[in-house]
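# Observations on the model geometry
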Amino acid sequence: MNSPYNGFMKFTRLIGTKDILPGESYQWIALQNRLREASAHFGYREIITPMIEMTHLFIHSVGDVTDIVSKEMYHFRDKGDREITLKPEGTSSVVRAYLENHLTDWTKPVKLYYLDRYFRYEKPQKGRYREFHQYGAECFGSESPAVDTEMIQLAFHLLQCMGMKELVLQLNSIGCPACRPRYREILVSFLTAHELALCPECRNRTDKNPLRVLDCKKETCQKVLAEAPAIVEYLCSDCAVHFLTLQKYLQALSLPFQCNPRLVRGFDYYNRTVFEISSTSLGSQSALLGGGRYDYLVEMLGGPSTPAVGFAMGLERAMMIIQETNSILFHEPSTKIWIANFGGETLHESLTVADSLRRVDVNTEVDLEGKGIKKSLEIALKKEIPYLLIIGEDEIKSQQYTLKDLQLKSQQTMGLSDIIHTVKARYASL
Ligand code: AMP
């Protein structure tokens with residue numbers, strides 16, 4: 001491959017990607033670990049699937065007329081001439097793995113969650129990237145509306161664990177193969193009658209994917225759609241009972257929700273329950289997570305009939321809210337001792353002492369250039385390290401070291417075990 005690099009070119013990160021630097025990276029990992037703990041409260045266990053999958057998996061599951069598959073996938077042909085795609089979403093891979101690894105034999109319901117990176121070639125905007133992180137949960141093996149309820153409860157629990165407050169749950173039922181075709185016909189005739197008032201994209205979608213027209217955000221379409229027939233009025237009795245029972249359970253749990261007859265979500269595999277939770281503090285692009293039931297996907301991908309429900313949450317937006325509202329901040333472990341030395345034997349001794357300190361969990365850094373006390377003091381103050389330990393030739397002989405407390409501006413000479421005791425007593429949480 002020829003490179004256009006000419007020695008002057010500046011390398012930059014790709015549009016829609018992000019570098020997560022120290023400080024922020026700790027917040028990310030700590031947040032992910034909090035989500036892991038919160039998932040365990042509900043009996044969910046983590047599944048990790050590959051970053052790449054066969055392109056056809058997504059065409060088959062997400063649907064080829066969806067934006068994700070038709071416009072946004074990063075796909076390529078590998079050296080073995082296989083069609084490969086960087087995962088644009090999590091559910092398809094989880095279902096593939098569920099079948100491929102015979103999780104069908106596990107005791108039901110099978111409760112899984114994932115934390116991963118995803119890729120979509122879409123227009124980058126506030127909180128929206130081409131490479132992004134999602135947490136997702138999936139539950140296989142039960143049709144009960146109690147599973148939908150618990151899934152929504154889990155979603156609230158996770159958001160509340162992240163310190164989020166102004167949460168709005170929107171809910172809809174989009175029926176099943178028994179009742180949706182009739183509604184689809186009624187919707188198509190409504191949309192055709194109002195064709196001229198719709199945007200070109202919606203006109204185009206009317207035949208291919210009419211339900212998606214319902215969540216067009218353009219004002220002109222919104223006006224037309226305000227009068228559109230609502231799917232909940234065309235549900236078969238099984239779907240209607242399922243939806244009403246879910247609402248009853250949510251009310252019993254005091255989980256507030258709004259029924260939104262225009263909520264459909266951008267994937268073809270959903271049926272019955274669809275939901276989104278947003279935060280009013282993020283403005284219009286506010287969906288933090290979205291999900292729903294997908295009772296036919298496992299079968300569509302070659303497995304036995306298996307009802308399922310799940311949701312996915314974008315972590316970039318969640319992190320944005322956390323940073324804007326300071327709702328939770330995780331405390332990053334920092335260096336407690338900086339060892340000053342003068343090179344040669346004293347550097348050697350410093351490395352040995354640092355090793356002993358680290359073995360008892362005292363975070364320690366060494367002046368690896370042996371530049372003496374003044375330079376070390378400068379560095380320790382700049383990095384806000386609370387203790388400076390000085391190791392010179394006399395200290396090596398006596399095995400007694402000078403420990404300077406840079407916050408209290410005091411110093412003491414002591415052996416290694418007393419140093420450990422002193423530092424640990426101050427930082428009981430070390
Ligand atoms: P979806 O997978 O489209 O149902 O989206 C689930 C959640 O993932 C959304 O509510 C967003 O918060 C988030 N999300 C989707 N696409 C992106 C993206 N390109 N960048 C950041 N977050 C995203």
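Since we're looking at a predicted model, the values are computed, not measured.

Within the chain, the secondary structure is distributed over 16 helices and 16 strands. Relative to its length of 430 residues, the chain is extended, with a C-alpha radius of gyration of 28 Å against a globular reference of 22 Å. When the backbone C-alpha atoms are referred to their principal axes, the chain occupies close to 90 × 60 × 45 Å. The proportion of buried residues among the 430 residues of the chain is 49%. Counted over contacts in the chain with a minimum sequence separation of 6, partners at least 24 positions apart contribute 68%. Carbon and sulfur atoms make up 53% of the accessible area of the chain, which totals about 22300 Å². Counting 50 positive and 52 negative side-chain charges, the chain places the centres of these two groups 3 Å from one another.

The next point concerns the pattern of salt bridges. Taken as a whole, this structure holds 27 salt bridges when the rule is applied. As a salt-bridge pair, Lys-375 and Glu-378 come within 3.7 Å of each other at their nearest N and O atoms. Of this pair, Lys-375 and Glu-378 both sit in helix H14 (residues 373-382), three residues apart, which is roughly one turn of the helix. On the basis of relative accessible area, Lys-375 is assigned to the partly exposed category, the value being 36%. Through salt bridges with shared partners, a single network forms among Asp-67, Lys-71, Glu-201 and Arg-205.

Right, let's talk about the environment of Tyr-135 for a bit. Structurally, the position occupied by Tyr-135 is in strand E6 (residues 131-140). Among residues more than four places away in sequence, those in contact with Tyr-135 are Leu-35, Ser-39, Tyr-113, Tyr-114, Leu-115, Leu-154, Leu-158, Phe-311, Ala-312, Met-313 and Leu-315. A distance of 2.8 Å separates the side chain of Tyr-135 from the side chain of Ser-39, its partner in a polar contact.

Backbone torsion omega between Lys-108 and Pro-109 reads -5 degrees, so that peptide bond is classified as cis. In this structure, Pro-109 sits in the loop between helix H4 (91-100) and strand E5 (110-119). One non-glycine residue, Ser-254, adopts positive backbone phi at about 55 degrees. The exposed category is assigned to Ser-254, whose relative accessible area is 61%.

Ordered by their spatial adjacency, eight strands build an open sheet running E1-E5-E6-E11-E10-E9-E7-E8, and the pairing between neighbours is mixed. Only two strands of the sheet have a single neighbouring strand rather than two, namely strand E1 (45-46) and strand E8 (257-259). Across the sheet, helix H5 (residues 145-161) lies against E5, E6, strand E7 (167-173), strand E9 (271-279), strand E10 (287-293) and strand E11 (308-314), angled at about 15 degrees from E11, the strand it touches most.

Another aspect to go through is the site of the ligand. Close contacts around the ligand come from 15 residues, with Arg-120, Glu-122, Tyr-129, Gln-134 and Arg-265 the closest. Contacts to the ligand include Leu-288, whose backbone N or O atom sits 3.5 Å from an oxygen atom. Elements represented by at least two residues in the shell around the ligand include exactly E6, E10 and E11. The leading source of residues in the shell around the ligand is E10, at three residues. Per-class residue counts for the shell around the ligand are seven nonpolar, three polar and five charged.

By a frequent convention, interface size equals the accessible area lost on bringing the separate parts together. The assigned domain composition of the chain is domain 1 (24-179 + 235-325), domain 2 (181-229) and domain 3 (337-429). Computed from C-alpha coordinates alone, the two centres of domain 1 and domain 2 are separated by 25 Å. Of all residues in domain 1, the largest losses of buried area upon contact with domain 2 belong to Val-65, Arg-262 and Val-264, amounting jointly to 52% of the total for that side. Applying the counting rule to domain 1 against domain 2 returns two salt bridges. For Arg-205, the salt bridge is made with Asp-67, and the minimal N-O distance between the two is 3.2 Å. The class makeup of the residues in the side of domain 1 that touches domain 2 is eight nonpolar, one polar and five charged.

Here Thr-402 shows up in strand E15 (residues 401-405). Judged by relative accessible area, Thr-402 falls into the buried class, the value being 10%. When sequence neighbours within four positions are dropped, the list of residues in contact with Thr-402 reads Leu-388, Leu-389, Ile-390, Glu-395, Gln-411, Gln-412 and Thr-413.

What counts and how
- Residues numbered from 1 in each chain as written.
- Predicted model: local features only at pLDDT ≥ 70, side-chain atom pairs only at ≥ 80, totals over all residues.
- Heavy atoms only, no water.
- Helix = DSSP H or I, 4+ residues; strand = E, 2+ residues; numbered from the N terminus.
- Rg over C-alpha atoms; globule rule 2.2 N^0.38 Å.
- Buried < 20%, exposed > 50% of the residue type's maximum accessible area, 1.4 Å probe, protein only.
- Contact = heavy atoms within 4.5 Å.
- Areas by Shrake-Rupley, 256 points an atom, 1.4 Å probe, with all protein chains shown as cover.
- Lys, Arg positive; Asp, Glu negative; His and termini not counted.
- Charge placed at Lys NZ, Arg CZ, Asp CG, Glu CD.
- Salt bridge = Lys/Arg side-chain N within 4 Å of Asp/Glu carboxyl O.
- Polar contact = N/O pair within 3.5 Å; in protein donor to acceptor, adjacent residues only side chain to side chain.
- Pairing = 2+ DSSP bridges.
- Axes fitted to C-alpha atoms, helices over the stretch in contact; angles between N-to-C directions.
- Near = heavy atom within 4 Å.
- Nonpolar A, V, L, I, M, F, W, Y, C, P; charged D, E, K, R; others polar.
- Domains from an automatic or database assignment.
- Buried area = accessible area lost by both parts, 1.4 Å probe.

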